[in-house]
Amino acid sequence: METLHCRIRENSKVARLAAWKMGSSNIAIVFGRVIHLHGVSRAEFLRNTRWVRHEVRHVRQYREYGFWGFLRRYLADWMRFGYYDIPFEKAARLAEHNVRELDGVEIT
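Computed from a prediction, not measured in an experiment: that's the story for all the values here.

*Asks:* Would you mind going over the pairing of strand β3 (residues 34-38) in detail, with residue names and values included?
*Replies:* It is a general feature of regular strands that their side chains alternate between the two faces of the sheet. With 4 of its 5 residues buried, β3 lies for the most part within the structure. As paired strands, strand β1 (residues 4-9) and β3 are joined by 3 bridges and run parallel to one another. Bridge pairing links Arg 7 to Val 34 in β3.

Dropping the structure here:
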């Protein structure tokens with residue numbers, strides 16, 4: 001199995017902007033293989049296995065669709081379906097319960 005390498009960036013300005021847009025005090029947002037955090041520490045995030053699985057699924061989606069392919073589809077689907085019904089988000093919510101989701105994942 002190929003290792004999936006992810007990085008965490010705490011206190012991310014991009015995540016802060018996403019938190020403002022979503023009206024949330026804490027958020028994680030993925031760009032490529034980087035999980036950007038705002039309002040939550042790395043340690044707090046990593047303790048929440050469901051949340052980690054969710055964000056790792058997005059990293060996998062970026063790998064499958066490519067950086068620009070993922071973003072283009074994500075934004076188009078957001079406009080078409082609304083945030084909650086974006087197919088990428090539905091898949092990430094399912095991944096929260098997949099005990100194998102983090103197999104082969106390295107987070108630095």
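Now that the structure has been shown, we can carry on.
*Asks:* How would you explain the packing of aromatic side chains if you had to name every residue and give the values?
*Replies:* Using the criterion set out here, one finds 10 aromatic pairs in the structure. With a centroid separation of 6.2 Å and 90 degrees between ring planes, the pair formed by Tyr 74 and Trp 78 is classed as edge-to-face. Of the two residues, Tyr 74 and Trp 78 are both situated in helix α4 (residues 67-81); the distance of 4 residues between them amounts to about one turn of the helix. Overall, the relative accessible area of 28% leaves Trp 78 in the partly exposed class. Ring plane angle 10 degrees and centroid distance 6.5 Å describe the contact between Tyr 74 and Phe 88, whose orientation is recorded as stacked. Of the two residues, Tyr 74 sits in helix α4 while Phe 88 sits in helix α5 (residues 87-95), which places them 14 residues apart along the sequence. The exposure classification of Tyr 74 matches that of Phe 88, with both residues buried. Taken together, the aromatic side chains of Tyr 62, Tyr 65, Phe 67, Trp 68, Phe 70, Tyr 74, Trp 78, Tyr 83 and Phe 88 make up a single cluster linked through ring pairs. The ring of Tyr 84 has Arg 93 lying over it, and the distance from NZ or CZ to the ring centre is 3.8 Å.

Criteria and thresholds
- Residues numbered from 1 in each chain as written.
- Predicted model: local features only at pLDDT ≥ 70, side-chain atom pairs only at ≥ 80, totals over all residues.
- Heavy atoms only, no water.
- Buried < 20%, exposed > 50% of the residue type's maximum accessible area, 1.4 Å probe, protein only.
- Helix = DSSP H or I, 4+ residues; strand = E, 2+ residues; numbered from the N terminus.
- Pairing = 2+ DSSP bridges.
- Phe/Tyr/Trp six-rings, centres within 6.5 Å; stacked < 30°, edge-to-face > 60°.
- Lys NZ or Arg CZ within 6 Å of the ring centre and 35° of its normal.

So far we have only geometry, and geometry alone does not tell us how the molecule works.
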